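Structural characterization, general
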Amino acid sequence: MSIKLGVPSKGRLMEKTFEWFARRDVTLTRTGSEREYSGEVAGIDGVALVLLSAGEIPRELAAGRIHLGVTGTDLIHEKLPLWEQQVKPIAEMGFGHADLVLAVPAGWVDVDLTEDLDAVAAMFRDHHGFRLRIATKYHRLVRDFLREAGVADYQLVDSQGATEGTVANETAEAIADITSSGETLRANHLKIVSDGLILASQATLWRSRTAQVEDADRAALNTLLKRLG
Amino acid sequence: MSEARTRAFALRDSFVDAGAQVVDPPVLQSADLLLDLYGEDIRARAYVTSDAMRGEQMLRPDFTVPVVRMHMAHGADPARYTYAGEVFRRQEDDPDRASEYLQVGYEVFDGSDPAAADAEVFSLIFQTVAPLGLRAATGDIGILMAAVEGLKTTERRKAALRRHIWRPRRFRALLDRFGGRTAIPESRAKLLAGEVGTDAPLTGLRSQSEIDARLAALVEDAAQPPISGAEMECLDALLAVRETLPFALSHLHDLSIDLPAIKVAVGRVDARAEALSARGVDIDRLEFEASYGRTLMEYYDGFVFGFYAESRPDLPPVATGGRYDALTRRLGKGVEIPAVGAVLRPDLMTLLEGAS
């Protein structure tokens with residue numbers, strides 16, 4: 001057996017991850033054709049590379065099918081209840097910065113804080129007869145945040161993509177989504193609620209608390225962690 | 001049959017002996033109705049499922065709503081119901097709590113003498129759990145609601161407070177704002193000074209006239225004096241009441257001199273104390289807490305109670321109950337049927353018996 005390292009299988013996140021490991025003398029490479037999801041690890045023995053969608057890495061870590069994995073804080077918090085018991089952060093990697101924020105139409109001059117949103121939600125429900133809709137794919141994180149903030153009379157509507165467009169399309173009144181520069185929000189005439197930062201996320205190396213480490217692999221894991229930590 | 005299930009049916013039978021009729025509502029409940037009642041938070045607590053024909057359905061998170069609906073559709077008046085069966089709760093924060101467990105309930109729809117009905121339900125549960133030596137907690141949300149109604153402030157402020165009675169932290173923040181104890185946020189001050197504008201086009205369903213209406217309301221509110229220091233102190237004192245029932249009552253009577261709006265609600269506590277005594281409950285040892293029950297489900301609006309195992313603070317309450325007239329009003333679209341009820345957890349009763 002060997003230590004299994006799960007990393008994102010494509011895009012900038014994969015490239016940045018490869019660079020980050022390379023700076024620590026661990027060379028990750030994809031093997032085979034461009035479309036084949038297989039890879040290998042050089043510079044250290046006993047470590048196998050597993051290429052996965054970033055969204056699946058939390059689940060694989062929690063199930064103990066990989067020992068280490070690279071994915072965003074947002075995905076870990078959303079997908080793993082009581083995540084602290086299942087995974088442990090090893091290193092924040094300094095890229096893939098993304099904030100999960102609450103945003104409302106920029107034309108809502110009367111809304112700056114979550115308490116404003118709460119007041120607007122009450123009036124909206126009276127006026128329209130249904131709860132103010134917030135589009136997101138981060139249901140758990142957003143619901144927990146709004147409960148903490150004391151916002152009532154809203155409903156979450158699921159949006160798996162182009163979330164910023166839901167307001168103009170009138171399928172939602174507000175959104176909660178990942179943003180890095182705020183550019184897409186501005187282009188869609190939305191503004192961030194001032195105290196509406198739900199989570200600051202970045203690419204992070206996680207260690208599974210559930211994966212079994214065989215005696216033969218312990219040395220490899222320790223060497224790897226020493227080099228990365 | 002498991003021990004808890006055997007016990008559940010035995011408890012239900014004992015409630016039949018107390019005069020209740022057995023009901024057996026379906027497990028699948030319309031999600032729309034529960035969402036409308038409880039808001040988005042119910043999704044964090046209940047399992048949602050769906051099919052193409054009926055849309056979203058929830059595995060019943062409790063029996064109260066289906067029993068109320070059934071009673072409203074074709075119940076005789078007065079009526080007493082009992083049931084036993086599984087309820088389903090998602091547990092996202094505590095893996096040690098059960099996500100499927102048995103509940104046995106007793107619900108009374110009888111408006112003729114609310115104090116007697118309250119006492120009937122409480123004493124029945126009290127006797128049922130007596131061998132377990134539990135701590136009983138009681139309260140009455142109607143007192144706080146009456147106190148809010150009676151405040152010498154605007155209807156809008158009262159509505160905001162009323163809306164957050166079941167969210168104690170938000171309620172406190174609003175109260176402190178309205179009482180002038182905390183300043184308005186900087187962004188609000190700028191908005192009121194006319195210093196906030198935007199070049200962005202307005203998108204979405206919420207119209208300019210709705211924004212203007214809120215702005216007008218904010219301007220109007222800013223011109224209002226804060227809730228008086230005297231009223232604020234009375235509310236603080238009210239929220240802090242926590243003692244045995246006779247002491248709590250004398251405290252509440254003192255407070256009602258300065259807060260005359262709570263007189264009627266305090267009178268109900270008087271009548272209930274008498275009815276409890278008449279049923280043999282030792283009220284000198286019964287705790288009363290004015291803030292109790294505000295974080296239970298959002299439908300209790302009068303008498304509330306719970307039974308707790310003091311040796312096991314990690315366990316949820318073994319029994320909870322209360323009066324939910326407001327729920328029947330909402331489900332009945334304005335038609336209110338006075339109702340009080342309680343549920344027991346037979347699994348916890350068995351667990352605690354095994355431990356002692």
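Residues numbered from 1 in each chain as written. Chains lettered and ligands numbered in written order. Predicted model: local features only at pLDDT ≥ 70, side-chain atom pairs only at ≥ 80, totals over all residues.

A word on the overall build of chain B. Helix and strand counts for chain B come out as 15 helices and 12 strands. For a compact globule of 356 residues, the expected C-alpha radius of gyration is about 21 Å, and chain B comes in at 23 Å, within 12% of that figure. In terms of principal-axis extent, the alpha carbons of chain B reach across some 70 × 60 × 40 Å. Taking all 356 residues of chain B together, 37% fall into the buried category. For chain B, restricting intrachain contacts to residue pairs at least 6 apart in sequence, the fraction spanning at least 24 positions comes to 70%. (Helix = DSSP H or I, 4+ residues; strand = E, 2+ residues; numbered from the N terminus. Rg over C-alpha atoms; globule rule 2.2 N^0.38 Å. Buried ≥ 20, exposed ≤ 12 C-beta atoms within 10 Å, placed from the backbone. Contact = placed C-beta atoms within 7 Å.)

Okay, the sheet that holds strand S5 (residues 68-72) of chain A next. Residue and element names in this part refer to chain A. The sheet built from five strands is open, its strands ordered S4-S1-S5-S12-S6 with mixed pairing. The sheet terminates laterally at strand S4 (47-52) and strand S6 (87-92), the two strands that pair on one side only. Looking at each pair of strands side by side, their axes are set apart by 30 degrees on average, direction ignored. Pairing geometry for S6 and strand S12 (residues 203-208), over five bridges, is antiparallel. Bridge pairing in S12 places Glu92 opposite Thr204. Together, strand S1 (3-8), S5 and S12 form the strand contacts of helix H1 (residues 11-22), whose direction differs from that of S1 by roughly 135 degrees. Here helix H7 (residues 215-228) sits on the sheet in contact with S1, S4, S6 and S12, set at roughly 40 degrees to S1. (Pairing = 2+ DSSP bridges. Axes fitted to C-alpha atoms, helices over the stretch in contact; angles between N-to-C directions.)

Let us now look at the domain arrangement of chain A. For interface size, the figure often reported is the accessible area lost on association. When its domains are assigned, chain A resolves into domain 1 (3-96 + 203-228) and domain 2 (98-201). In the side of domain 1 of chain A that touches domain 2 of chain A, the residues fall into no nonpolar, four polar and two charged. (Domains from an automatic or database assignment. Nonpolar A, V, L, I, M, F, W, Y, C, P; charged D, E, K, R; others polar.)

This part is about unusual backbone geometry. With omega at 0 degrees, the peptide bond leading from B:Asp77 into B:Pro78 counts as cis. Note on placement: B:Pro78 falls in the loop between helix H4 (64-74) and strand S5 (79-88). One non-glycine residue, A:His189, adopts positive backbone phi at about 60 degrees. Within the secondary structure, A:His189 sits in the loop between helix H6 (183-187) and strand S11 (190-201).

Residue and element names in this part refer to chain A. Of all five residues making up S5, five are buried, and the element is well covered by its neighbours. Judged by which residues are buried, S5 turns out to be covered on both faces: Leu68, Val70 and Gly72 on one side and Gly69 and Thr71 on the other are all buried. Taken together, the two bridges between S1 and S5 define a ladder with parallel strand orientation. Within S5, the position partnered with Gly6 by the bridge is Gly69. With five bridges connecting them, S5 and S12 associate as antiparallel partners. In the sheet register, Leu68 faces S12, and the bridge partner there is Arg207.

The next thing to look at is the domain arrangement of chain B. Residue and element names in this part refer to chain B. Per the domain assignment, the segments of chain B are domain 1 (3-25 + 60-146 + 233-355) and domain 2 (153-195 + 213-227). The straight-line distance from the C-alpha centre of domain 1 to that of domain 2 is 33 Å. Listed by partner, the interface residues are eight residues for domain 1 and five residues for domain 2. Ranked by residue count, the leading element in the side of domain 1 that touches domain 2 is helix H6 (residues 141-150), at three residues. For the side of domain 1 that touches domain 2, the residue count by class is four nonpolar, two polar and two charged.

Another point: the packing of H6(B) against helix H7 (residues 155-163) of chain B. All names here are of chain B. Across the interface, H6 lies against H7 with an axial gap of 9 Å and an inter-helix angle of 165 degrees. If you check the angle between H6 and H7, you find them roughly antiparallel. H7 is crossed by H6, and the crossing has right-handed handedness. Together, Met145, Val148 and Glu149 of H6 and Lys158, Leu161 and Arg162 of H7 make up the contact between the two elements. Here the contact of H6 with H7 is composed, by residue class, of three nonpolar, no polar and three charged. (Parallel < 35°, antiparallel > 145°, perpendicular 65-115°, else oblique. Left-handed = near helix turned anticlockwise from the far one by under 90°.)

Take the nonpolar core next. All names here are of chain B. Val121, Ile125, Ile143 and Ala147 are the most contacted members of the largest nonpolar core, which has 82 residues in total. Summarising the domain contributions, this core has at least three residues from each of domain 1 (3-25 + 60-146 + 233-355) and domain 2 (153-195 + 213-227). Sequence-distant contacts of Val121, that is, excluding residues within four places in its chain, are made with Tyr106, Val108, Gly321, Val340, Gly341 and Ala342. (Core = buried A, V, L, I, M, F, W, Y, C linked by C-beta atoms within 7 Å.)

Residue and element names in this part refer to chain A. In space, the five strands of this open sheet follow the order S9-S8-S10-S7-S11, with mixed pairing throughout. Two strands bound the open sheet, and with one partner strand each, they are strand S9 (154-158) and S11. Direction aside, the axes of adjacent strands within the sheet are offset by 25 degrees on average. Of the strand pairs in this sheet, strand S8 (residues 132-136) and S9 are connected by five bridges, and their pairing is parallel. Bridging from a neighbouring strand, Thr136 pairs with Asp158 of S9.

Tallying the contact residues gives 31 residues for chain B and 30 residues for chain A. Where the side of chain B that touches chain A is concerned, the elements lending two or more residues are helix H3 (41-45), helix H8 (168-178), helix H9 (186-192) and helix H10 (208-222) of chain B. The element best represented in the side of chain B that touches chain A is H10(B), accounting for five residues.

A word on the packing of helix H5 (residues 114-129) of chain B against helix H13 (residues 263-278) of chain B. All names here are of chain B. With their axes 8 Å apart at the nearest point, H5 and H13 run at an angle of 50 degrees to one another. With respect to H13, the axis of H5 lies oblique. The element H5 and its partner H13 pack so that their crossing is right-handed. Where H5 abuts H13, its residues Ala115, Ala116, Asp118, Ala119, Phe122 and Ser123 lie against Arg268, Ala271, Arg272, Ala275 and Leu276.

Residues at a pLDDT of 70 or more form 99% of chain B, whose mean pLDDT is 93. Interface scoring of the predicted complex returns ipTM 0.89; its pTM is 0.87. (pLDDT = per-residue confidence, 0-100.)

Now for the environment of A:Gly229. Residues and elements named next belong to chain A. Along the chain, the position of Gly229 falls in the segment after H7. With 9 C-beta atoms counted inside 10 Å, the residue Gly229 sits in the exposed group. Sequence spacing of Gly229 and Thr114 is 115 residues, and the spatial spacing of their C-alpha atoms is 38 Å. If sequence neighbours within four positions are ignored, Gly229 has contacts with Ile90 and Ala91.

All names here are of chain A. Among the secondary structure elements, Val193 is positioned in strand S11. Classification of Val193 as buried rests on a count of 23 C-beta atoms within 10 Å. Between the C-alpha atoms of Val193 and Thr114, which are 79 residues apart in sequence, the distance is 6.7 Å.

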